[in-house]
Amino acid sequence: MDPTDKRHILVVDDDAAMRKVLSLGLEKSGFAVSVARDGREALDALDSGNFDPDCVLLDIRMPVMTGREALPHIKKRNPTVPVIMLTAFNDLSNGIESMRDGAFDYLVKPVRLEELLQAIDRAFSHRELLMENAELARRNEEYRLQLELKVEARTMELNDAYVKLRRTNMETVKVLAETIEAKDQYTRGHCQRVRLVAVGIAKVLGLSARNIEILEYSSLLHDIGKIGIPESVLNKSTKLEPEEFELIRQHPVTGAQILSHVEFFAPCLPSVRQHHERWDGKGYPDGLAGEAIDPLARIIAVGDSFDAMASTRPYRSALPVEKAISEIASCMGSQFAPDAAEAFLDGKIYEQYPRD
């Protein structure tokens, strides 16, 4: 057998005769053997890097550094190496304590060669199991790290795809909003301004990112139902006839119906239909009141009314911003939901999104 293939035993004992007896017996049994006279010398030999023992026979009582003192240092250097403690008959308690500290086994001196070889064989089996477990743990950790990297990369891909999709959807919605406003020369940019005011209110109220996203789409599309209203009615500078006013009042219903054909806009339907409902129940189209009104619709109602008051319309000039703010405050709890109106006023949303 190639000497390098032999399993290596480190014998640590301060008794020269004992070292000799153990070395001879182990060498005859086919092992490579190194010796040390005390714990300190054993640690120095291990630190030299000249060999890596497959098992350590460690006497408990030695000068300079005892086996009990050397044991934790040996296990720290090589956690998988089995250590068999050698103890005198009257020192069994130390042998047992050593096993609690990490020793594999203990033998009482003088030890018979057959008993020693059996203990060493058990130690090798134990070490192989430890090394297999360590390798399995290493592979599991490597797999976990690889899986984490794959998940992270996939998450980044999905995030990028989501950002691109959201950008595309937002641009599509903006085009739809511009299509609506193209019919009404007095409301250019209205939907975009309502969106900015609504998002400002939502942030003051602490809405989730998902709800804010739905709110943005709803704000941009809240007037999409006006597509079905003739321009002559939308741009009329005189008082509307009852049937014309009824056409205007139907645009929330028409808008919700239009959007209902596109699954993506399903979350927007309640706020689009209800953005003209009033807190006191005097709004339209369904006469809903208070908490029955969709929370996002309550927010849009504030933004829609504020921008309508501060914009020039066919039938009147724009109100001063201060007057529009005053109207929001005076109608809080009647026309407007208290939380939405309060967030608009306390958050000074009108300052964050000034009009041209």
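Up top you'll find the structure we're talking about.
To keep things clear, this report deals only with the structure shown in the data block. Note that residues are indexed from 1 along each chain, following the sequence as it is written. Whole-chain, interface and lining totals are the exception, using all residues; otherwise, since this is a predicted model, local features are given only for residues with pLDDT of at least 70 and side-chain atom pairs are given and counted only at 80 or more. For the side-chain quantities, the full set of heavy atoms in the structure was used; hydrogens and water were omitted.

**So, the pattern of salt bridges**
Stated formally: Take a side-chain nitrogen of Lys or Arg and a carboxyl oxygen of Asp or Glu: if they are within 4 Å of each other, that pair is a salt bridge. Put simply, DSSP H or I for four residues or longer makes a helix, DSSP E for two residues or longer makes a strand, and each gets a number counted from the N terminus. For every residue, the accessible area obtained with a 1.4 Å probe (protein chains only) is divided by the maximum for its type, and the residue is called buried under 20%, exposed over 50%, and partly exposed between those limits.
Scanning the model with the defined rule gives 26 salt bridges in all. Here Arg127 makes a salt bridge to Asp54, at a shortest N to O gap of 2.8 Å. Residue Arg127 is located in helix 5 (residues 113-181), and its partner Asp54 is located in the loop between helix 2 (39-48) and strand 3 (55-59); the two are separated by 73 residues in the primary sequence. Pair check on accessibility: Arg127 and Asp54 agree, each one buried. Between Arg122 and Asp105 there is a salt bridge, with its nearest N and O atoms 3.0 Å apart. Of this pair, Arg122 sits in helix 5 while Asp105 sits in strand 5 (residues 105-108), and the two are 17 residues apart along the sequence. By relative accessible area, which is 14% here, Asp105 ends up buried. The network of salt bridges with common partners includes Glu135, Arg138, Arg139 and Glu142.

**Some words on the sheet that holds strand 3**
What counts here: Two strands pair under a simple rule: DSSP has to find at least two bridges between them. Note on geometry: axes are C-alpha line fits, over the in-contact stretch for helices, and angles between N-to-C directions span 0 to 180 degrees. The contact criterion used throughout is that any non-hydrogen atoms of two residues lie within 4.5 Å.
Strand order in the open sheet formed by 5 strands is 2-1-3-4-5, with parallel pairing between adjacent strands. The open sheet is flanked by strand 2 (32-36) and strand 5, the only strands paired with a single partner. With direction set aside, neighbouring strand axes in the sheet form an average angle of 20°. Relative to strand 5, strand 4 (residues 83-87) runs parallel, the two being bridged by 4 bridges. Within strand 5, the residue paired with Thr87 across the bridge is Val108. Docked against the sheet, helix 4 (residues 92-100) engages strand 4 and strand 5, running at close to 165° with respect to strand 5.

**Examining the side chain of Asp54**
Threshold: Side-chain atoms alone can form a polar contact between residues adjacent in sequence; in general such a contact is a pair of N or O atoms within 3.5 Å, and within protein one must be able to donate a hydrogen while the other accepts it.
Overall, Asp54 belongs to the buried group, its relative accessible area being 18%. Among the polar contacts made by the side chain of Asp54, one reaches the main-chain amide nitrogen of His8 at a distance of 2.7 Å. At 2.8 Å, the side chain of Asp54 forms a polar contact with the side chain of Arg127. Discounting chain neighbours no more than four positions away, the residues touching Asp54 are Lys6, Arg7, His8, Val81, Pro82, Phe124 and Arg127.

**Looking at the packing of helix 12 (residues 295-309) against helix 13 (residues 321-330)**
The cut-off we apply is this: Two helices cross in a left-handed way if the nearer one is turned anticlockwise from the farther one by less than a right angle. They cross in a right-handed way if the turn is clockwise. When residue character is reported, Ala, Val, Leu, Ile, Met, Phe, Trp, Tyr, Cys and Pro are called nonpolar, Asp, Glu, Lys and Arg charged, and the others, Gly included, polar.
Running from N to C, helix 12 and helix 13 point in directions that differ by 145°, and their axes come no closer than 9 Å. You can see that helix 12 and helix 13 cross each other, and the crossing is right-handed. Seen from helix 12, the contacting residues are Val302, Phe306 and Met309; seen from helix 13, they are Val321, Ala324, Ile325, Glu327 and Ile328. In the contact of helix 12 with helix 13, the residues fall into 7 nonpolar, no polar and 1 charged.

Just geometry here; none of it tells us what the structure is for.
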